[in-house]
Amino acid sequence: MSEAPYTLYGMAASLYTGKVRAYMRHHGIPFEERGAGHAEYGEDIVPKLGRFIVPAVVKPDGSLIQDGTDILDYFEERGLSKKSIYPEDATLKAVAYLFELFGGEGLLRPAMHYRWNFDADNLAFIKGSFDDVLPGGLSTEENQKMFEFASGRMRQAAVAFGVVPDAMKTIEETYTDFLKRFDAHLAQSYFLLGGHATIGDYGLFNPLFAHLGRDPHPAMLMKQTAPRVFKWLERMNGPETFQDHTVDWEGEGLFASGAVPETLKDLMRYVAEEYLPEITAHVAFANNWLAERPDIEPGTNGLEDPAQRAIGMSEFNWRGHQVKTMVMPYRFYLLQRLTDCFAQAGDAEQKEIRALFAETGLDAMLDLRTTRRVERANHLEVWGE
Ligand SMILES: N[C@@H](CCC(=O)N[C@@H](CS)C(=O)NCC(=O)O)C(=O)O
């Protein structure tokens, strides 16, 4: 077994592993990373998790944590964050949760499009990265066959996230717009909310690192059109703190809550345009689905296969395109973190959060609720009471 106290099972090209790796590096948590192709991952870890999924962390006592957010919370709760990744201020905390959700779940269209639809630039590199999750010792033919199977599943997933030919041009135009807005924001701040990374940065880091900042085609696009975003990736991925005279910011503190800069509001407006219609449609779909299944046992996902992650496909209008995307209860688990944060805030704080979200077109996000809560039990998403 490894000398380091923690083992991180993941993959270099994995969207959700990147966030955990960056957090553990920055906060000085010693770990050894192993590709999920290691035999013990399949033999010991997958049976315990009930599905093949990364990232997973094995603690020094041998027990497991799965899910990027749950892993970060485990370390945070033990006081291991150098600076808490949760802002104290209620408004900033709500914004951090918003970007945790949007980063993790709302940028999958560009992430998957730029990974899987630029084979001439990307494919050889991606194939090398996929070796992390394939067993060692395969013949060239076996390796190719397994890569085709694994990448074929991901190409199907891209379609299920809405990457369809009709929408591709819009995906490219809007992602370019996102990069421009984030780049402008990072001229005034080292991170999303000021001088250190919060859970909002870690959410955004998911797609912006593994796919959009690392795969050759989109990495070039980012470097050429949004160099500050690339620099932010480097900051996120290292242990050091910064004083950068090219950024109009000093120190490790966060914005004052009433002083949210216009550039951050522009990013919030982007979330409203890009993702609010989708999450709204998904919540409505889930509530209909739940209404038709009043007998679902609490603590189960209501499906035949407890490992299945989607409850169906929901159709909605995304920037003028009718698209159909997978409805995954995990997204409601992240949404609840935002709506709980809002519900737990004091009256004056709620007023301030509501005003900021209304100003940026996100007011309705604060009121989205599924009729049953999503919980996590035994490393799976399940319905609560
Ligand atoms: N919510 C999960 C998502 C993890 C996830 O989707 N991981 C991907 C790799 S980035 C995976 O393991 N996919 C395996 C599969 O779909 O078969 C987390 O944050 O840990």
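For clarity, every value in this text was computed on a predicted model and none was experimentally measured. (Residues numbered from 1 in each chain as written. Predicted model: local features only at pLDDT ≥ 70, side-chain atom pairs only at ≥ 80, totals over all residues.)

## With respect to the overall build of the protein
- Looking only at helices and strands, the protein has 15 helices and 8 strands in total.
- Against the 2.2 N^0.38 benchmark of 21 Å for 385 residues, the protein shows a C-alpha radius of gyration of 20 Å, consistent with a compact globule.
- Principal-axis analysis of the C-alpha atoms places the extent of the protein at approximately 60 × 55 × 50 Å.
- Expressed as a percentage of the 385 residues in the protein, the buried residues total 41%.
- Of the contacts formed within the protein by residues at least 6 apart in sequence, a portion of 77% connects residues at least 24 apart. (Helix = DSSP H or I, 4+ residues; strand = E, 2+ residues; numbered from the N terminus. Rg over C-alpha atoms; globule rule 2.2 N^0.38 Å. Buried ≥ 20, exposed ≤ 12 C-beta atoms within 10 Å, placed from the backbone. Contact = placed C-beta atoms within 7 Å.)

## Notes on the site of the ligand
- Every residue lining the ligand is accounted for by Ser 14, Leu 15, Tyr 16, Phe 52, Ile 53, Val 54, Pro 55, Asp 67, Gly 68 and Tyr 330.
- Of the residues belonging to the shell around the ligand, the class tally is 7 nonpolar, 2 polar and 1 charged. (Near = placed C-beta within 6 Å. Nonpolar A, V, L, I, M, F, W, Y, C, P; charged D, E, K, R; others polar.)

## Side note on the domain arrangement of the protein
- Per the domain assignment, the segments making up the protein are domain 1 (6–77) and domain 2 (108–166 + 183–254).
- Computed from C-alpha atoms alone, the centre-to-centre distance between domain 1 and domain 2 is 18 Å.
- In this assembly, 17 residues from domain 1 lie in contact with 23 residues from domain 2.
- By residue number, the principal contributor to the side of domain 1 that touches domain 2 is helix H1 (residues 15–26), which donates 8 residues.
- Residue composition of the side of domain 1 that touches domain 2, grouped by class: 9 nonpolar, 6 polar and 2 charged. (Domains from an automatic or database assignment.)

## Digging into unusual backbone geometry
- Cis geometry is found at the peptide bond from Val 54 to Pro 55, where omega equals 10 degrees.
- Tracing the backbone through its elements, the reader meets Pro 55 in the loop between helix H2 (39–49) and strand S3 (56–58).
- Positioned with a positive phi, Asp 67 is a non-glycine residue whose angle comes to about 100 degrees.
- Locating Asp 67 in the fold gives a position in the loop between strand S4 (64–66) and helix H3 (68–77).

## Digging into the packing of helix H5 (residues 108–116) against helix H7 (residues 140–160)
- As a packed pair, H5 and H7 sit with axes 9 Å apart at the nearest point and diverge in direction by 140 degrees. Here H5 lies oblique to H7, going by the angle between them. Handedness of the H5/H7 crossing: left-handed. Residues Met 112, His 113 and Trp 116 of H5 pack against Met 154, Arg 155, Ala 157 and Ala 158 of H7.
- Looking at side-chain class alone, the contact of H5 with H7 contains 5 nonpolar, 1 polar and 1 charged residues. (Axes fitted to C-alpha atoms, helices over the stretch in contact; angles between N-to-C directions. Parallel < 35°, antiparallel > 145°, perpendicular 65-115°, else oblique. Left-handed = near helix turned anticlockwise from the far one by under 90°.)

## A look at the pairing of strand S6 (residues 321–327)
- In this structure, strand S5 (residues 312–318) lies alongside S6, joined through 7 bridges in antiparallel fashion. Across the sheet, residue Met 313 finds its bridge partner in S6, namely Met 326.
- Here S5 hands over to S6 after 2 residues, with Arg 319 in that stretch at a positive phi of 50 degrees. (Pairing = 2+ DSSP bridges.)

## What about the sheet that holds strand S1 (residues 6–10)?
- Pairing within the open sheet is mixed, and its 4 strands lie in the order S2-S1-S3-S4. Two strands in the sheet have a free side with no partner beyond their single neighbour: strand S2 (31–35) and S4. If you compare each strand with its neighbour and ignore which way they point, the axes differ by 20 degrees on average.
- As judged from the 3 bridges shared by S1 and S3, these two strands associate in the antiparallel manner. From the neighbouring strand, Leu 8 faces S3, where its bridge partner is Val 57.
- Packing of H1 onto the sheet brings it into contact with S1, S2 and S3, and relative to S1 it is tilted by some 155 degrees.
- Sheet strands in contact with H2 are S1, S3 and S4, and its direction is about 70 degrees off that of S4.

## As for H5
- With 9 of its 9 residues buried, H5 lies for the most part within the structure.
- Regarding H5, the residues found buried are Leu 108, Arg 109, Pro 110, Ala 111, Met 112, His 113, Tyr 114, Arg 115 and Trp 116.

## Describing helix H12 (residues 262–274)
- Taking 1.5 Å of rise per residue, 13 residues should cover 18 Å, and H12 covers 18 Å from first to last C-alpha, within 8% of that figure.
- Listed in full, the buried residues belonging to H12 are Leu 264, Leu 267, Met 268, Tyr 270, Val 271 and Glu 274. For H12, the arc enclosing every buried residue in end-on projection is 150 degrees, short of the 170-degree limit, so these residues lie on one face. (Expected span 1.5 Å × (residues − 1). Arc of directions from axis to C-beta.)

## Re the nonpolar core
- In this structure, Ala 94, Tyr 97, Leu 98, Leu 193, Val 229, Val 271 and Leu 338 are the most contacted members of the largest nonpolar core, which totals 99 residues.
- By residue number, the principal contributor to this core is helix H4 (residues 90–105), which donates 9 residues.
- When residues of this core are assigned to domains, at least three map to each of domain 1 (6–77) and domain 2 (108–166 + 183–254). (Core = buried A, V, L, I, M, F, W, Y, C linked by C-beta atoms within 7 Å.)

## Comments concerning the environment of Met 168
- Note that Met 168 resides in helix H8 (residues 168–185).
- Taking the C-alpha atoms as reference, Met 168 lies 8.7 Å from Pro 110; in sequence the two are 58 residues apart.
- In contact with Met 168, not counting residues within four places along its chain, are His 113 and Asn 117.

## Overview of the environment of Phe 357
- With respect to the helices and strands, the residue Phe 357 is situated in helix H15 (residues 347–359).
- Separated by 266 residues in sequence, Phe 357 and Thr 91 place their C-alpha atoms 9.6 Å apart.
- Non-local contacts of Phe 357, meaning those with residues more than four positions away in its chain, are made with Leu 362, Asp 363, Met 365 and Leu 366.

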